[in-house]
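Chains, contacts and geometry: an overview
Spelled out from the first residue to the last, the chains are:
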Amino acid sequence: MGRIAVCPGSFDPITYGHLDIIERASKIFDTVYVSVLKNSSKEGLFTPEERVELIRQVSERYPNVEVRSFNGLLIDFCEEVGAEAIVRGLRAVSDFEYEMQLTSMNRKLNSSIETIYMMTNNNYSFISSSIVKEVAKYGGKIEDVVPPLVEEALKRKFNLQ
Ligand code: ADP
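We now turn to the structure provided with this report. (Residues numbered from 1 in each chain as written. Predicted model: local features only at pLDDT ≥ 70, side-chain atom pairs only at ≥ 80, totals over all residues. Heavy atoms only, no water.)

1. A few points about the nonpolar core
Which entries qualify depends on this criterion: The term nonpolar core refers to a set of buried residues drawn from Ala, Val, Leu, Ile, Met, Phe, Trp, Tyr and Cys, joined through side-chain atoms within 4.5 Å. Residue exposure (1.4 Å probe, protein chains only): buried if accessible area is under 20% of the type maximum, exposed if over 50%, otherwise partly exposed. Here, residues are in contact when the closest pair of their heavy atoms is within 4.5 Å.
By size, the foremost hydrophobic cluster in this structure holds 32 residues, and its most contacted members are I14, I22, V34 and V87. Filtering out sequence-adjacent residues up to four positions away, I22 remains in contact with C7, F11, I14, V34 and V65. By size, the runner-up hydrophobic cluster in this structure holds 12 residues, among which are I4, F70, C78 and V81.

In structure tokens, the structure reads:
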């Protein structure tokens, strides 16, 4: 088992920014669970199952990365898989406030699970799933920001091929 971490998020869809955090976490922890939140109030472009499938395919080369979707509280999921840490990425100051609230709430729920933040890779600091979707919708170039498989999936969603 060893040391286990969870990388939670919406991943609608996964970008190189996410993948960078997952890869770095996989070097520090023995097992990393990428967990796709199902209970988010936001209606996604991709279904949770489609998101999980895309993440599975693009993270295939990391043997210690497992992909799951989950309903309910993140802390419950962490307890279920025996994780000692939650790993999140930070892009800009604008991420900070929300992340602070999230971390405080999770700490109240279970103080033994630590939240760790990784600074974004400079190349990916301006990438978010929402921007990628917006650009893809109008046929803009996204090959530098998402893996080819995700680019294809986005084109199919927007009927661009
Ligand atoms: P959420 O809706 O929970 O914020 P996201 O899928 O948007 O889910 O993000 C999941 C995690 O990945 C978050 O910790 C977010 O900060 C991080 N993340 C997203 N994009 C990037 C990026 N370009 N660089 C670094 N971290 C990122």
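2. Observations regarding the sheet that holds strand β1 (residues 4–9)
Note the threshold: In short, DSSP must find at least two bridges between two strands for them to pair. Helix and strand assignments follow DSSP, with helices taken as H or I runs no shorter than four residues and strands as E runs no shorter than two, numbered in order from the N terminus. Here an axis means a line fitted to C-alpha atoms, over the contact stretch when the element is a helix, while the angle between two N-to-C directions is reported on a 0 to 180 degree scale.
Judged by pairing direction, the sheet is parallel, and its 5 strands sit side by side in the order β3-β2-β1-β4-β5 without closing on themselves. Two strands close off the open sheet at either side, each with one partner strand: β3 (65–70) and β5 (114–119). Strand-to-strand twist across the sheet, computed as the mean angle between neighbouring axes with direction ignored, equals 30°. Where β1 lies against strand β4 (residues 85–90), 2 bridges are found, and the strand directions are parallel. Residue V6 lies in a different strand from β4, and its bridge partner there is I86. Lying over the sheet, helix α1 (residues 16–28) contacts β1, β2 (31–37), β3, β4 and β5, oriented at roughly 125° with respect to β5. Sitting on the sheet, helix α4 (residues 93–109) touches β4 and β5, and the angle it makes with β4 is about 170°.

3. Points about the pattern of salt bridges
The test is simple: What makes a salt bridge here is a side-chain nitrogen of Lys or Arg within 4 Å of a carboxyl oxygen of Asp or Glu, nothing more.
If you walk through the whole model with that rule in mind, you get 12 salt bridges. Residue E23 pairs with K27 through a salt bridge whose shortest N-O separation is 3.4 Å. Remark: K27 and E23 occur in helix α1; sequence separation between them is 4 residues, near one turn of the helix. Judged by its relative accessible area of 26%, E23 is partly exposed. The salt bridge involving D144 is made with K141; its shortest N-O contact spans 3.3 Å. With relative accessibility at 61%, the residue K141 sits in the exposed group.

4. With respect to the environment of K137
Looking at the element boundaries, K137 is found in helix α5 (residues 129–137). Take K137: its relative accessible area is 41%, and that puts it in the partly exposed class. Counting along the chain gives 18 residues from K137 to K155, while the straight-line C-alpha distance between them is 7.8 Å. In this structure K137 touches F158 and L160, once residues within four positions along its chain are discounted.

5. Some thoughts on the site of the ligand
This is how the line gets drawn: For this purpose, a residue is taken to be near a molecule or strand whenever a single non-hydrogen atom of the residue falls within 4 Å of it. Two N or O atoms form a polar contact when they lie within 3.5 Å of each other; inside protein one atom must be a possible hydrogen donor and the other a possible acceptor, and for residues adjacent in sequence the pair counts only when both atoms belong to side chains. Residue exposure ignores everything except the shown protein chains as possible cover, and the areas themselves are Shrake-Rupley values with a 1.4 Å probe. Throughout this entry, Asp, Glu, Lys and Arg are counted as charged residues, while Ala, Val, Leu, Ile, Met, Phe, Trp, Tyr, Cys and Pro are counted as nonpolar. The remaining residues, Gly among them, count as polar.
Surrounding the ligand, one finds 14 residues, the nearest of these being S10, F11, G89, T120 and Y124. A distance of 3.1 Å separates an oxygen atom of the ligand from a polar atom in the side chain of R88. When the free accessible area of the ligand is taken as 550 Å², the share hidden by the protein chains comes to 90%. Where the shell around the ligand is concerned, the elements lending two or more residues are β1, α1 and β4. A per-element tally of the shell around the ligand places α1 first, with 3 residues. When grouped by side-chain class, the residues that make up the shell around the ligand number 5 nonpolar, 6 polar and 3 charged.

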